[in-house]
Amino acid sequence: MSQFSGLKSLSPVWSRVTNIIAKEARGSWITDVNGRRFLDFTTGIAVCNTGHCHPRVVAAAQAQLSKIMHAQMNIVYSQSAIELAEKLPSIMPDPSLNRFFYTNSGAEAIEAAVKLAKQVTRRNNIICFENSFHGRTMGALSMTASKNVYSRGGGQIAGVHFARFPRCSSSCRIPKVDGQCCWDPIESVEEVLKTRSAPGDTAAILVEPIQGEGGYVIPPPGFFKKLREICDREGILLILDEVQSGMGRTGSWFAIEQLDHVRPDIMVVAKGIASGLPLSIVCANGENLMDKWIPGSHGGTYGGNAVSCAAAVETINVLREEKLLQNATARGKQAIQFMKDRKWADRFPVKDIRGLGLMVGVEFDPAFKGFASHVTTTALEKGLMLMTAGSKETIRLMPPLVVSESEMDQAMTIMDSSLNQVLSKTSKMAS
Ligand code: PLP
């Protein structure tokens, strides 16, 4: 490994999912420097939705590279940045989202969205949700509650208040009424407004349509409708964080389209937008919001990079023309059907199986501590890359949207045998 001596010079701050040194990747597969191939069900944390190195996206980025690499947004516009702005309205969940601010990462875009909300409303506070994840930079981590590791030893910004998020799965703490959500989470939002953050001080409610790092948790029908009503009643802005759930991952361009389809005031897009090149976008209405943003008060050196924008334009074309949203729906159903057919809930300590498109979560009984990460390690030995999510025992499946039926079958078969192996070891240890 001497040729990789640089490894020891890398900061240890990145928590490790694998120690693989990747040489190249195509579609659903990553090949390491030793020539070993892995079926990638992590997709760079839900980023390479068009698959690794989709030839059309690569060609678009290469073509742009030889024209202009960096056209700083304050100085000149790149043609690709404008072309992307022309294309984005066609995928927005609501026509009111008609102005776009480009930046680089999810966290940066979340902070920009919150800054916009605060400037326009002239209110300071933000309401977020337990187990949410919005990023690791100082502002974004202050609005994150999926794991305490992100804020350990660091400061947090003030004016952030957390309400409960609906977990209408078996892991909900509150008994269901007639199998329905008890709406305690909405009462919890009202409670925050009554006790900690007066409506007149609250700029925005920031929420993930489906909690990502929190464990792929899908709120019940009606939740976003109720949030929208509260926002309308109190003049609070609704910010949707579609960073992980967006760009076709759930089978629609954005998850909210399948969850009450309410109008967000601001929507944040990142990850899958440029198939792996850094780009994130704050989407909002021009007249009511974005045009009121004080000119010059926000920006950044790299936001709207010309190559990233060219990759994003082609990413949208590929997702649409190759019908990858439809594939996400079909392959997600296939994964859940496999788990049902193989009776995972009876054979393994499975607490909940849930998903929308290719955002599939499997939560295990918390009594089996470390079970989820043992399964991911075992699956990796068998050639399948998986990731856990959040502070609970959850594995999330987030393959690229190009994943084929046979690749899905292969992955699920590996997962099944990994679960068997880990469970038999766990039972031996317990006996
Ligand atoms: N919001 C959500 C829902 C995310 O899943 C993430 C990252 O995983 C972020 C924000 C932060 O994005 P980034 O890591 O690009 O800063």
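Residues numbered from 1 in each chain as written. Predicted model: local features only at pLDDT ≥ 70, side-chain atom pairs only at ≥ 80, totals over all residues. Heavy atoms only, no water.

**So, the pattern of salt bridges**
(1) Moving on: Applying the stated criterion to the full structure yields 15 salt bridges.
(2) Moving on: The partner of Arg-56 in a salt bridge is Glu-321, and the shortest N-O contact between them spans 2.8 Å. Taken together, the residues span a long stretch of sequence, with Arg-56 in helix α2 (residues 55-65) and Glu-321 in helix α8 (residues 306-321) at a distance of 265 residues.
(3) Moving on: Its relative accessible area of 27% is what places Arg-56 among the partly exposed residues.
(4) Moving on: Between Asp-184 and Arg-164 there is a salt bridge whose closest N-O contact spans 2.5 Å. You can see Asp-184 sitting in helix α6 (residues 184-195) and its partner Arg-164 sitting in the loop between β6 (160-163) and α6, a full 20 residues away along the chain. (Salt bridge = Lys/Arg side-chain N within 4 Å of Asp/Glu carboxyl O. Helix = DSSP H or I, 4+ residues; strand = E, 2+ residues; numbered from the N terminus. Buried < 20%, exposed > 50% of the residue type's maximum accessible area, 1.4 Å probe, protein only.)

**Structural notes on the packing of α2 against α8**
(1) Moving on: Direction vectors running N to C along α2 and α8 enclose 155 degrees, while the axes themselves pass 8 Å from each other. Put simply, α2 runs roughly antiparallel to α8. Between α2 and α8 the crossing geometry is right-handed. Contacts between α2 and α8 involve Arg-56, Val-57, Ala-60, Ala-61, Gln-64 and Leu-65 on the former and, on the latter, Ala-306, Val-307, Ala-310, Ala-311, Glu-314, Thr-315, Asn-317, Val-318 and Glu-321.
(2) Moving on: Split by residue class, the contact of α2 with α8 holds nine nonpolar, three polar and three charged. (Axes fitted to C-alpha atoms, helices over the stretch in contact; angles between N-to-C directions. Parallel < 35°, antiparallel > 145°, perpendicular 65-115°, else oblique. Left-handed = near helix turned anticlockwise from the far one by under 90°. Contact = heavy atoms within 4.5 Å. Nonpolar A, V, L, I, M, F, W, Y, C, P; charged D, E, K, R; others polar.)

**Section: the domain arrangement of the protein chain**
Think of interface size as the accessible area that goes away when the parts come together; that is how it is often given.
(1) Moving on: With domains assigned, the protein chain is organised as domain 1 (5-53 + 324-430) and domain 2 (57-321).
(2) Moving on: Computed over C-alpha atoms, the centres of domain 1 and domain 2 are 25 Å apart.
(3) Moving on: On the domain 2 side, the residues contacting the 34 residues of domain 1 number 34 residues.
(4) Moving on: When domain 1 packs against domain 2, close to 2,800 Å² is buried across both sides, 58% of that on carbon and sulfur atoms. (Domains from an automatic or database assignment. Buried area = accessible area lost by both parts, 1.4 Å probe.)

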